[in-house]
Structure formats: C-alpha cells, structure tokens
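# Residue-level structural notes
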Amino acid sequence: MTSTTHKAADSTPSSKASWPQLQPPLEGYDPVEYYEDTNYGVMSVPACMNYVGRECDDIYTRRDLSGTDSDIVGATWAPTNVRVKNARREGKTLDLNGFELLSSQVSDLNVDFLDQKDVVDRYYPHCERLVAESIQKTWGGRNLIVKAFDHNVRSSKSGSFSSKKQQAIKNANGAVVQNPLGVVHADYTCVSGPKRLKDLSCPPKKNDVLRAQLLNLAMETAGDGATIDESDIPSLLQDAVVQDALEGKKRFIFVNVWRNINPNEPVLRSPLACIDAKTMSTADLVTFKIHYTDRIGENYFVRSPENPDGHGWWYYPQMNMDEALLLKQWDSSGRIAQLDGKEKSGDVMDTSHDSASTFTVHSAFTDVSCPTDALPRESIEVRCVIILDDAAD
C-alpha cells in the first residue's frame, strides 16, 4: 500500500489548530478487500488517520464546564494512509490487545442516551455488570470493584466539530454532543492515569458527571435542612483502596464501554478503529494536556509512524446496538505503565507475546465501504474504573 503523509504548513510550537475532520484516504491507496465468505463481508479497508507530526512535542487545549474545547495549541496534523482490518474473526482480547467485542443486549432497556440522568441511573449499572463479568471471566473471582464514572455521546450529525451550518445536538445537561473524534489518541498517560484514579477518591469536581448523584447522596445522609459543604460530598472510591492501588498493592484498570445507540441501524459511517497494543511503541507517543477549570488532564496523541504498516489497525464492521466494544484506556500492570512516567526514555513496545497491554490507541475513520445513504453514527462511550487484587509483580 502506498502511504501519503500531509503536514500543516505552520509547525511552530505556538501554532493553533482546530480539531481535524474525518476524511477519505489520500491518493494512492489499495481498494477494499472482501472475504470470499460473504457472511463476514469486508476483510480490510483503506483509511486516512489523523496523526500528529513527528516534530510535535507540547500540545494542549482548554475545556469549559460544558465539555467544549478551544483550539489546540502546538499540534500539526499529519494525515496518513493505513490499512484497517476486520477483527470479527480474530479473537482479540482486552487483556492482550487492549480491545474486545462482547454481546450485550440493551435494546430492550429503552435508555434515553441524550438524558444524562437516565444514562447514569440506568445504563451505568449495566456497564458495571458487563465489565465485571468480563474481568472475572479473564482473571477469576478476585476481589473486584467496578464503577462507571463518566461518559460521552457522539453523533456524526452534530455540528460541534464539523460545518457551522449544521445544528449542534445537545444532551439533557446542555453539553454539545460531539462528532466522532478523528484523531489518533489514547485517553490516559503515565501521569494522568494514576492522577485520575486519585481524583476518584476525592469529592467530585465541577466537570464530573457523578457530582449531582453524589451530592444528592450527601443531602439524603445529612437530612432535611442540613448545610452541605464541598467536603461533605462523598467520593466514588474509598481513599484507602485507591492508595493501595497507587502503591502497587492492587491492580487498577480504566475501560471504556463503546456502543452504537441507534436501535435501527448498525454503525456504517465513521466507525471506531483500534491499534493492537502489541504494535504500539512509546517512541510514537506525545502528551496532549487538557486544561479544565479545576484540574489538568492528559491524553496521548500519536506521531505519524515512520512505517505506516507498523501500527496494526482493526475494527468491527457494522456494530449493532446489542454489541459492546471494551477499550482498555489504562492498566497499571501493562508494560508502558510499569515505566512509571519514563515513557520517553526509549523505544519500548507495550506488550510481549503474553503480557498485559497498557492501553489501546484508537480513532474514528471514514470507511470507504460505507453506503452513501448510510445514517450518521450515534454512539456512547462509558468510562469505568476497575480495582482488583492482581497487582503487577
């Protein structure tokens, strides 16, 4: 496959960039490949992924209380052609590869996914049970804590990132429903993974989705007429449990539950693709900082690879509502996590043949096998934290 990389003209560290839009493959790509067995359809598709330029090093944005981002400072986009393969026959696992597809019926729940309270009250418990069952199936019946604590709804018909002529969709909390994110990224870093876990042992901050639910719990506990201070709002996790995890006495994992929320149509437009953790190297990672009103979060962006075929890209075509894709966002037992913040000290691959992955890098992309009349993608990702008695050696 011929690979083409485009970089923005202004590559100075202070340059500002908008979020890049999804786009079809650049010129010079091989066509879609199909299985002879039509039950599985597409074997692989060409795609254009929005990496950042290899010169990028210091990248950040600011996020307001509604969850909307400003421009991105320090980023230059490097669109790169890659090959994305069909993972439905491959048996990829959350533990080793960083992602896994599960059957998970929710179509009969009738959750309003644009109503934050309905999602928190009725869908979060479903995600917690799903993740707990998956973890227990893989590692057995160890002491296990699973808590859902955040979510994001996306739609390719929302106007948050794309054309200003489109009407932005908002959820019941007033936040803009964002477009599928067409940036190659991972949700946590060696700094922000442990920091986010620590945050969950503190009273919720202004941006936290569970703040209202935990505040109501504090008010019910205090009784009628009582005055509630910030310090009275309970935390999601007990401080002692979190401290044990941060000290390596327990294992902690962040997992996203990603799902199509359209009950009538599978995901055809702007599907999600993941990089197999076994093909991910620390040399390609660059930290992206998100400045909230009361904290700083970090993600990883990924530099354009010197060999585009070096990253193993996979996706699950035509995901329906009763399937859930588990995406590992951080695992304290993973090899990169064990570097303890020294990820830039060399070129380190995330996993050996049988070791746990730390995270999966992922991105939405334009699937050229998608019918032109396909409906926009509508999806939700719910973030869960897992703590279990399986610390790294």
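Position numbers for residues count from 1 along each chain, tracking the sequence in the order it is written. Local features in a predicted model are, by the rule used here, given only for residues with pLDDT of at least 70; side-chain atom pairs are given and counted only at 80 or more, and totals for whole chains, interfaces and linings are based on all residues. The basis for every side-chain value is the complete set of heavy atoms in the structure, and neither hydrogens nor water enter the calculation.

### A few points about the overall build of the protein
Heads up, the condition is: For the purposes of this entry, the term helix denotes a DSSP run of H or I that reaches at least four residues, the term strand denotes a run of E that reaches at least two, and both are numbered from the N terminus. We call two residues in contact when some of their heavy atoms are within 4.5 Å.
Helix and strand counts for the protein come out as four helices and 17 strands. Taking the contacts inside the protein whose residues are at least 6 apart along the sequence as the reference set, 79% of them involve residues at least 24 apart.

### Describing the sheet that holds strand 17 (residues 378-388)
Threshold: Two strands qualify as a pair provided DSSP detects at least 2 bridges between them. A fitted line through C-alpha atoms represents every axis, and for helices the fit uses only the stretch in contact; the resulting angles, taken between N-to-C directions, go from 0 to 180 degrees.
Read across the open sheet, the five strands follow the order 7-15-10-17-8; overall the sheet is antiparallel. Taken across any chain shown, the strands that pair with only one partner, and hence form the sheet edges, are strand 7 (99-103) and strand 8 (144-155). Ignoring which end each strand starts from, the neighbouring axes of this sheet average 25° apart. Where strand 8 lies against strand 17, eleven bridges are found, and the strand directions are antiparallel. If you follow H151 over to strand 17, its bridge partner there is V382. Against the sheet, helix 1 (residues 116-139) makes contact with strand 7, strand 8, strand 10 (251-260), strand 15 (323-331) and strand 17, and its axis sits at roughly 125° relative to strand 8, the strand it touches most.

### Remarks on the nonpolar core
Our working rule: Working definition of a nonpolar core: buried Ala, Val, Leu, Ile, Met, Phe, Trp, Tyr and Cys residues. They are joined through side-chain atoms within 4.5 Å. Accessible area is worked out with a 1.4 Å probe on protein chains only. A residue is then buried under 20% of its type maximum, exposed over 50%, and partly exposed in between.
Counting residues in each nonpolar core, the largest one holds 72 residues, and the members touching the most others are M49, V84, Y123 and W330. At ten residues, the largest contribution of residues to this core is made by helix 1. Not counting residues up to four positions away in its chain, the partners in contact with Y123 are V106, V111, F113, D118, V257, R259, I380 and V382. Of all hydrophobic cores here, the second largest spans 15 residues; its members include C56, W77, F288 and F301.

### Structural notes on the packing of aromatic side chains
Any pair of aromatic rings gets described here by the distance separating the centres and the angle formed by the planes. The test is simple: Between the rings of Phe, Tyr and Trp (Trp by its six-membered ring), a pair exists once the centres lie within 6.5 Å; its type follows the angle of the planes, with under 30 degrees stacked, over 60 edge-to-face, and the other angles tilted. Two limits define a charge over a ring: the Lys NZ or Arg CZ must be within 6 Å of the ring centre, and within 35 degrees of the ring normal.
As enumerated under the stated definition, the model contains twelve aromatic pairs in all. Both rings, one in W330 and one in F359, keep their centres 5.9 Å apart while their planes meet at 15°; by these two values the pair is stacked. Here W330, found in strand 15, pairs with F359, found in the loop between strand 15 and strand 16 (362-364); they are 29 residues apart in sequence, far enough to count as distant. The pair W330 / F359 is uniform in exposure class, with both members buried. One aromatic cluster is present, formed by W19, W77, F288 and F301 through successive ring pairs. The lysine or arginine in question, R295, covers the ring of Y292, its NZ or CZ lying 4.0 Å from the ring centre.

### Some words on the confidence of the model for the protein
What counts here: Confidence of the predictor in every single residue is expressed as pLDDT, which spans 0 to 100.
With 82% of its residues at a pLDDT of at least 70, the protein reaches an overall mean of 85. For residues 1-13, every residue scores under 50 in pLDDT, and the model assigns this stretch 36 contacts once sequence neighbours within four places are set aside.

### Focus: the pairing of strand 11 (residues 272-275)
Of the two faces of strand 11, the one lined by L272 and C274 and the one lined by A273 and I275 are each fully buried. Here strand 11 runs beside strand 16; their pairing, made up of three bridges, is antiparallel. The partner of L272 across the bridge, within strand 16, is A364.

### Topic: the pattern of salt bridges
Quick note on the threshold: One speaks of a salt bridge when a side-chain nitrogen belonging to Lys or Arg is within 4 Å of a carboxyl oxygen belonging to Asp or Glu.
Under the defined criterion, the tally for this structure stands at 19 salt bridges. Where R54 meets E306, a salt bridge forms, and the shortest distance between an N and an O atom there is 3.9 Å. Of the two residues, R54 sits in the loop between strand 3 (42-52) and strand 4 (59-62) while E306 sits in the loop between strand 13 (296-302) and strand 14 (313-315), which places them 252 residues apart along the sequence. One salt bridge connects K195 with D199, and the closest N-O pair in it is separated by 2.8 Å. In this pair, K195 and D199 are both assigned in helix 2 (residues 192-199), four residues apart and thus about one turn of the helix distant. Assessed through its relative accessible area of 8%, D199 is described here as buried. One salt-bridge network, in which partners are shared between bridges, spans D95, R251, K328 and D331.

### Things to note about the side chain of R196
With respect to the element layout, R196 can be found in helix 2. On the accessibility criterion, R196 (7% relative accessible area) is buried.

### Digging into helix 1
Think of an α-helix as 3.6 residues a turn; residues three or four steps apart then line up on the same face. Quick note on the threshold: For a helix, the expected span equals 1.5 Å multiplied by the residue count minus one. Within 3.5 Å is the distance limit for a polar contact, defined as a pair of N or O atoms, with the added protein rule that one can donate a hydrogen and the other accept it, and that residues adjacent in sequence qualify only through two side-chain atoms.
Given a rise of 1.5 Å per residue, 24 residues ought to cover 34 Å, and the 32 Å separating the end C-alpha atoms of helix 1 matches this to within 8%. The backbone nitrogen of K117 lies 3.0 Å from a side-chain oxygen of the residue at the head of helix 1, namely D115. Just beyond helix 1, the residue with positive phi is G140, at close to 90°.

### Observations concerning the environment of V106
Looking at where V106 falls in the secondary structure, it is placed in the loop between strand 7 and helix 1. Distance in space between the C-alpha atoms of V106 and I261 is 9.2 Å, their sequence separation being 155 residues. Look past the residues within four positions of V106 in its chain and what remains in contact with it is Y123, H126, R259, M321 and D322.

### Comments concerning unusual backbone geometry
With phi around 55°, N110 is a residue other than glycine that occupies positive phi space. Counting through the fold element by element, N110 comes out in the loop between strand 7 and helix 1. Residue Q318 is not a glycine yet carries a positive backbone phi of 55°. Take Q318: it is sitting in the loop between strand 14 and strand 15.

### Let's talk about helix 4 (residues 239-246)
To be explicit about the condition: Along the arc lie the directions from the helix axis toward the C-beta atoms.
Listed as buried for helix 4 are V241, V242 and A245. The buried residues of helix 4 occupy one face: seen down the axis, they fall within an arc of 95°. Looking at the buried residues of helix 4, the elements they touch are strand 8, helix 2, strand 10 and strand 17. Looking one or two places after helix 4, you find G248, whose phi comes out positive at around 85°.

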